[in-house]
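Examination of the molecular architecture
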Amino acid sequence: MADAPTPAINHQTDTTLPKVFCHLHAHSHYSLLTALPKTQELAKTAKKMGMPAIALTDNGNLYGAIEFYKDCKKEEIKAIIGIDAYVALRTRNDKEAIDKRKTRLVLLAKNTEGYKNLIKIVTASHLEGFYYKPRIDRELLEKYHEGLIAIAPALSSDIAAALHVSDQEKAQEKVDFYKKLFGPDFYLEVSHHPEIENHEVLMRDVIALGKKTGVPLVAGHEVYYLKPE
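No experiment lies behind these values; they were computed from the predicted model shown.

**Thoughts on the side chain of Asn61**
Tracing the backbone through its elements, the reader meets Asn61 in the loop between β2 (53-59) and α2 (65-74). Residue Asn61 is classed as buried on the basis of its relative accessible area, which comes to 5%. Among the polar contacts listed, one links the side chain of Asn61 to the backbone oxygen of Tyr30, at a separation of 2.9 Å. Apart from residues lying up to four places away in sequence, Asn61 is in contact with Tyr30, Gly82, Ile83 and Val122.

**Comments concerning helix α7 (residues 199-213)**
Its 15 residues place the ends of α7 21 Å apart at the C-alpha level, agreeing with the 21 Å of an ideal helix rising 1.5 Å per residue. Among all positions of α7, only His199, Leu202, Met203, Val206, Leu209, Gly210 and Thr213 are buried. For α7, the angular spread of the buried residues around the axis is 120 degrees, confining them to a single face. Exposed and facing more than 90 degrees away from the buried side of α7 are Arg204, Lys211 and Lys212. For α7, the secondary structure elements touched by its buried residues are α5 (158-164), α6 (168-182), β7 (186-190) and β8 (217-219). Two residues or fewer past α7, Gly214 is found with a positive phi of approximately 80 degrees.

**A look at the layout of surface pockets**
Approximately 350 Å³ is the volume found for the largest pocket. Residue lining of the largest pocket: 19 residues in total, with Ala88, Leu89, Thr103, Asp158 and Lys174 positioned closest to the centre. Among the elements that make up the lining of the largest pocket, the one with the highest residue count is α6 (four residues). A class-by-class count of the residues in the lining of the largest pocket yields eight nonpolar, two polar and nine charged.

Criteria and thresholds
Residues numbered from 1 in each chain as written. Predicted model: local features only at pLDDT ≥ 70, side-chain atom pairs only at ≥ 80, totals over all residues. Heavy atoms only, no water. Helix = DSSP H or I, 4+ residues; strand = E, 2+ residues; numbered from the N terminus. Buried < 20%, exposed > 50% of the residue type's maximum accessible area, 1.4 Å probe, protein only. Polar contact = N/O pair within 3.5 Å; in protein donor to acceptor, adjacent residues only side chain to side chain. Contact = heavy atoms within 4.5 Å. Expected span 1.5 Å × (residues − 1). Arc of directions from axis to C-beta. 1 Å grid on protein atoms, 1.4 Å probe; cavity = no way out; pocket = protein on both sides within 12 Å on 5 of 7 lines; lining within 4 Å. Points joined across faces, edges and corners; volume = space filled by probe spheres on them. Nonpolar A, V, L, I, M, F, W, Y, C, P; charged D, E, K, R; others polar.

Next up, the structure:
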C-alpha cells in the first residue's frame, strides 16, 4: 500500500483553498444499520465527481477494506483505508452502565504499517473492548498509532463533546494527548450542517482551538448516503 494522499487537508499556514475535495469520512453498508452505499458505489461516485481519492471509514470495522480497495483500483482512484472508531469513555476494559457513552475518532492508514495497526486495533476493540460497540482506548492508540492519521470528527469526538459544554480545559487536554501521539498526523474536522442547532457555533470553537493549538483543520462531511433522497 503506497502512502495515502491528503488532498482535502488544508493546513492553516496555507491561505488557499484546496482545489480538489476528497471524502475522508465515508461509510459503506458495512456500517451496519447505519449507511447504505456499497463500496463499488462509493468508488464509482467518487470517480464521477472527479475525486482522485476517497476514504472508507466504517463504524469500528474493516469488513469492506479489501472489497473497497479493489473497487477503487478499478476506477483508478486512491483507496484510503480507515475506520470510524468508537472511543471508550474510560478504558476498553470498563463495562458498566456509564460506559455506554462513547465518542468517535477517525483513523486512516497512510502506509502498510498503518494498515496492519488498524487490523490490530479493530481486533482488540472487538475481542477486548466490546460493550454494545467495539471500543478502543488510549492504551491501544499509544501501542498502535504508528502509520496512522487521526481526525477528531466534527460532531462526535471527545474534543467536540468538551467544547459543546464549554469545557475548554478538557478540550485542550484531549488535543494535547492526540497531538503528542500523532504529531502532524492529527487533524480537527470541520463540517457544514446549518440544519443542526448550534453546529456553526461549535465549528467556530473548533477553528479557534485549532489556531490556538496549531492543529490543522480538515474539511469533512460524514457520508451515509449517496444522494439526499
